[in-house]
Amino acid sequence: MTKESTTIDVGEPSTVTKSSSHVVVDGKKKKGFVAAAAGGGAKRGLAIFDFLLRLGAIAVTIGAASVMYTAEETLPFFTQFLQFQAGYDDLPAFQYFVIAVAIVASYLVLSLPFSIIAIIRPLAVAPRLILLIFDTLVVTLNTSAAAAAASIVYLAHNGNQSTNWLPICQQFGDFCQNVSTAVVAASIAILFFIVLIIISAVALKRH
């Protein structure tokens, strides 16, 4: 009897220890699962915001390219040999603006599937990394186009006395208003891209 009681006393602590260790392990697994689920929910929220921003950027860039492309004005007076007309294709900077911003808009449309993948699989690294790299490249193209067009718009409004470049916006008011609107829209698109890059960087940093 004494041996049996001794055997029982030795076995009970080991059983309790094993069961308690299982409880601790299960608790850690549960906490890890909850943390992963919370992280995935936050990244999904960022991905949804990213998708909405891309839709807004598409609208802005298409609008900018369209307004610049259709910017044209002909003055009501003319001579026998001259007709005073201004259009975007008269200046290489404006032509570059239309082409570059159209490329930016096309890229944004093509990037939507990757943004959708980031919503469906918020923990995936590859689509977010691809968006970060190409967003950074495309925003430089958008910035260069906006800067080139902005310099011509400035000269059109203010002229340049050193080069005897007279301001033309007093005569071509509608034309200047259209090209100025296009430049402002392209500048807004740059802000969209900055936010998109920050979102991708934050999402990758959380991995």
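Computed from a predicted structure; not experimentally measured.

Undergrad: So what about the packing of helix α3 (residues 126-158) against helix α4 (residues 173-205)? Which residues, and what values?
TA: At a minimum axis distance of 8 Å, the contact between α3 and α4 shows a crossing angle of 155°. In terms of orientation, α3 and α4 fall into the roughly antiparallel class. For the pair α3 and α4, the crossing hand works out as left-handed. Looking at the contact of α3 with α4 residue by residue, the class counts come to 23 nonpolar, six polar and two charged.

Undergrad: Can you tell me about a nonpolar patch on the surface, naming the residues and giving the values?
TA: Taken together, the side chains of Phe114, Ile117, Val125, Leu129, Ile130, Ile133, Phe134 and Leu137 present a nonpolar region at the surface, about 650 Å² in accessible area. Listing elements by their share of the nonpolar patch, those giving two or more residues are α2 (92-120) and α3. Examining the composition of the nonpolar patch, we find that five residues originate from one element, α3, more than from any other. Within the secondary structure, Phe134 is located in helix α3.

Undergrad: Hey, could you go over the state of the cysteines for me, with residue numbers and the actual values?
TA: This structure, assessed with the given rule, holds one disulfide. Across the disulfide from Cys169 sits Cys176; the S-S distance is 2.0 Å. Judged by the torsion about the S-S bond (-90°), the Cys169/Cys176 disulfide is left-handed. The class for Cys169 is buried, based on a relative accessible area of 13%. When its relative accessible area of 2% is taken as the criterion, Cys176 is described as buried.

Undergrad: Kindly report on the UniProt feature "transmembrane region" (unreviewed entry) in the protein, identifying the contributing residues and their values.
TA: Annotation from UniProt places "transmembrane region" (unreviewed entry) at residues 51-71, 94-120, 132-156 and 182-204. Measuring from the first to the last C-alpha atom of residues 132-156 gives 36 Å, for a span that is 100% helix and 0% strand. Secondary structure across residues 182-204 comprises 100% helix and 0% strand; the distance between its end C-alpha atoms is 33 Å.

What counts as what
- Starting afresh in each chain, residues are numbered from 1 along the sequence in its written order.
- In keeping with the predicted nature of the model, local features appear solely for residues at pLDDT of at least 70, side-chain atom pairs appear and are counted solely at 80 or more, and the whole-chain, interface and lining totals rest on all residues.
- Excluding hydrogens and water, the side-chain figures rest on all heavy atoms present in the structure.
- Orientation is described by axes fitted as lines to C-alpha atoms, over the contacting stretch for helices, and by angles from 0 to 180 degrees between their N-to-C directions.
- Secondary structure elements follow DSSP: runs of H or I no shorter than four residues count as helices, runs of E no shorter than two count as strands, and numbering proceeds from the N terminus.
- The labels follow the angle: roughly parallel below 35 degrees, roughly antiparallel above 145, roughly perpendicular from 65 to 115, and oblique for the rest.
- Note on convention: the crossing is left-handed when the near helix lies turned anticlockwise from the far helix by less than a right angle, right-handed when the turn is clockwise.
- Any residue outside Ala, Val, Leu, Ile, Met, Phe, Trp, Tyr, Cys, Pro, Asp, Glu, Lys and Arg is labelled polar, Gly included; the first ten of those are nonpolar and the last four are charged.
- Patch definition: residues with relative accessible area over 30% and no salt bridge; like charges joined within 9 Å; nonpolar side chains (Val, Leu, Ile, Met, Phe, Trp, Tyr) joined within 5 Å.
- Reported accessibility uses the Shrake-Rupley method at a 1.4 Å probe radius. Residues are deemed covered only where the shown protein chains occlude them.
- Here, a salt bridge means any side-chain nitrogen of Lys or Arg that lies within 4 Å of a carboxyl oxygen of Asp or Glu.
- In this description, a disulfide is simply a cysteine sulfur pair whose atoms lie within 2.5 Å.
- Only protein chains enter the area calculation, which uses a 1.4 Å probe; residues under 20% of their type maximum are buried, those over 50% are exposed, and those in between are partly exposed.
- UniProt positions are given in the numbering used here, feature names are shortened, and annotations may be inferred rather than shown by experiment.

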